[in-house]
Amino acid sequence: MYAYRVLWMFLLGVALAAPDFGRWYPFPQAQALAQEHARVLMVYFHSAHCPYCEQMNTFVLSDPAVSRLLEERFVVASVGTDTPEGQELARRFRVPGTPTFVFLVPRKGAWEEVGRLFGSRPRAQFLAELRQMCAKGGACE
Amino acid sequence: MPIRTIVRLTPAKPKAGEGFKLTVLAQHPNEPGTRRDAQGNLIPANYINLVEVYFEGEKVAEARLGPSIATNPNYAFKFKAEKPGTYTVRLKDTSGDTGEAQVKLELA
Amino acid sequence: MNRRAFLKATGAALSALAVAGLPAMAQGLEGEDLAHLEKALQEALGKGFKDLTPSNLVKLTMPAIAESGANVPAEVEVNLPASQVKAIHLFADKNPTPHIFAYMPIRAEPYFYVRIRLAETSAVRAVVETTDGKLLLASASTRVTVGGCG
């Protein structure tokens with residue numbers, strides 16, 4: 001019985017220590033997670049009525065290969081540009097429109113942009129570009 | 001919750017022997033199960049997978065649909081006008097919700 | 001609605017590709033994925049692509065270009081007596097679930113129209129099951145525009 005309890009506590013501890021990288025986070029939280037876990041931060045700027053964001057949400061960001069790579073190597077920050085906070089971030093990153101993906105890594109105490117993508121794209125292209133960003137960010141060898 | 005369903009005929013009053021179109025409009029998200037929300041979570045699939053058309057109680061057409069139908073879908077069927085009567089359209093989604101609408105066929 | 005700005009450069013590049021790719025059209029449609037289609041055909045019909053007979057009795061109408069894949073009109077009309085058509089199927093090679101619909105025109109004309117979603121630029125197939133067991137095919141291709149909103 002005791003052994004089970006120890007095992008249970010251990011599993012709970014693991015679950016608490018490993019955040020769910022399959023979902024997206026608000027910008028400050030995502031930034032903290034990327035720093036803590038040495039991952040590439042992908043800041044996804046989207047807006048509610050843009051059909052190209054809808055296309056990314058429905059088919060590209062849920063593609064199994066894309067999902068796996070994001071979950072294994074990235075932290076995704078979800079920024080809706082319809083909110084005041086989102087607009088402020090979009091200005092700060094000079095985002096031209098939606099969808100935009102800005103890739104950041106923490107280097108020497110500052111955030112360095114390793115690349116960005118503007119506009120929707122087919123799944124295979126997005127996957128290839130993610131791999132490039134991952135390599136540039138030092139999270140993929 | 002019932003699915004909001006609208007049916008109409010074009011032309012509204014066809015001549016006997018003439019072809020006409022029966023158009024169905026439904027208010028439904030048709031969630032394909034692959035869409036992510038703003039938190040990145042997958043929205044569970046829930047889409048209309050069955051559309052049946054009855055004329056005077058007899059089934060005259062049936063469409064089985066997969067997850068790739070647009071939000072707020074419309075479907076169009078073609079029939080030949082033979083005699084006046086009532087068309088009933090029944091919809092069902094993958095969660096078990098249903099919708100129904102009727103339209104009367106009158107001949108010109 | 002947001003103001004929209006198409007990525008003109010991308011569009012131009014795609015058009016250039018399409019023009020350059022014209023002689024290759026005989027080999028395959030834009031957005032073709034026969035391996036993925038084959039699995040869906042087997043699952044839905046128990047038959048494969050080689051069992052389908054291209055036929056101009058089947059008229060599949062798809063837009064050449066769709067601004068987004070969220071809402072693409074698809075229309076199939078079969079130029080056969082209603083009594084000879086058992087079912088009309090639609091498939092999109094590139095969709096995660098390629099089988100889009102099965103339509104049984106029990107007492108209706110062999111015609112069906114619906115607005116569909118496309119995952120990306122894809123070949124689209126109408127497959128008609130006749131009452132005497134033939135499988136007739138019509139193919140088309142719809143390019144789903146890539147772009148952004150400014």
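Remember, it's a predicted structure, so these values are computed and weren't measured experimentally. (Residues numbered from 1 in each chain as written. Chains lettered and ligands numbered in written order. Predicted model: local features only at pLDDT ≥ 70, side-chain atom pairs only at ≥ 80, totals over all residues. Heavy atoms only, no water.)

1. Overview of the interface of chain C and chain A
Selection criterion: We call two residues in contact whenever any of their non-hydrogen atoms come within 4.5 Å of each other. Once two parts are joined, some of their accessible surface, as seen by a 1.4 Å probe, is lost; buried area is that loss totalled over both. A carboxyl oxygen of Asp or Glu within 4 Å of a side-chain nitrogen of Lys or Arg is what we treat as a salt bridge. Here a polar contact means two N or O atoms within 3.5 Å. Within protein one must be a hydrogen donor candidate and the other an acceptor candidate, and residues neighboring in sequence count only if both atoms are side-chain atoms.
Facing 22 residues of chain C, the contacting portion of chain A comprises 18 residues. Between chain C and chain A the total buried area reaches about 1600 Å² when both faces are included, carbon and sulfur atoms providing 57% of it. If you look at where chain C meets chain A, you find one salt bridge. The partner of A:R123 in a salt bridge is C:E120, and the shortest N-O contact between them spans 2.7 Å. Counting the contacts that link chain C with chain A gives seven residue pairs in polar contact (both at pLDDT 80 or more).

2. Section: the state of the cysteines
Threshold: Two cysteine sulfurs form what is called a disulfide whenever their separation falls within 2.5 Å. To qualify as a helix, a DSSP run of H or I must reach at least 4 residues; to qualify as a strand, a run of E must reach at least 2; elements of each kind are numbered from the N terminus. Only protein chains enter the accessibility calculation, which uses a 1.4 Å probe; a residue is then buried when its area is under 20% of its type maximum, exposed when over 50%, and partly exposed in between.
Following the criterion strictly, the structure yields two disulfides over all chains and no others. Linked covalently through their sulfurs, A:C50 and C:C149 form a disulfide whose S-S length is 2.0 Å. Between A:C50 and C:C149, the S-S torsion sits near 85°, and that sign places the bridge as right-handed. Residue A:C50 is located in the loop between β2 (40-46) and α3 (51-60), and its partner C:C149 is located in the segment after β9 (135-144); the two belong to separate chains. Pair check on accessibility: A:C50 and C:C149 agree, each one buried. At a sulfur-sulfur separation of 1.9 Å, the disulfide partner of A:C134 is A:C140.

3. Points about the interface of chain B and chain C
As a measure of interface size, the accessible area lost when the parts come together is often cited. We apply this condition: Note on residue classes: Ala, Val, Leu, Ile, Met, Phe, Trp, Tyr, Cys and Pro are nonpolar, Asp, Glu, Lys and Arg are charged, and everything else, Gly too, is polar.
Counting residues at the interface gives 25 residues for chain B and 24 residues for chain C. The junction of chain B with chain C conceals about 2100 Å² of combined surface from both sides, 54% of it contributed by carbon and sulfur atoms. Three residues stand out in chain B for area buried against chain C, namely B:S68, B:N74 and B:K78, and they jointly supply 27% of the buried area on that side. Our enumeration of links across chain B and chain C arrives at three salt bridges. In this structure, the salt-bridge partner of B:K80 is C:E109, at a minimum N-O distance of 3.8 Å. Contributions of two or more residues to the side of chain B that touches chain C are made by β4 (58-65) and β5 (74-80) of chain B. When residues in the side of chain B that touches chain C are grouped by element, the largest group, eight residues, is from β4(B). Classifying every residue of the side of chain B that touches chain C by side-chain character gives 13 nonpolar, five polar and seven charged.

No statement about biological role is implied by the geometric values presented.
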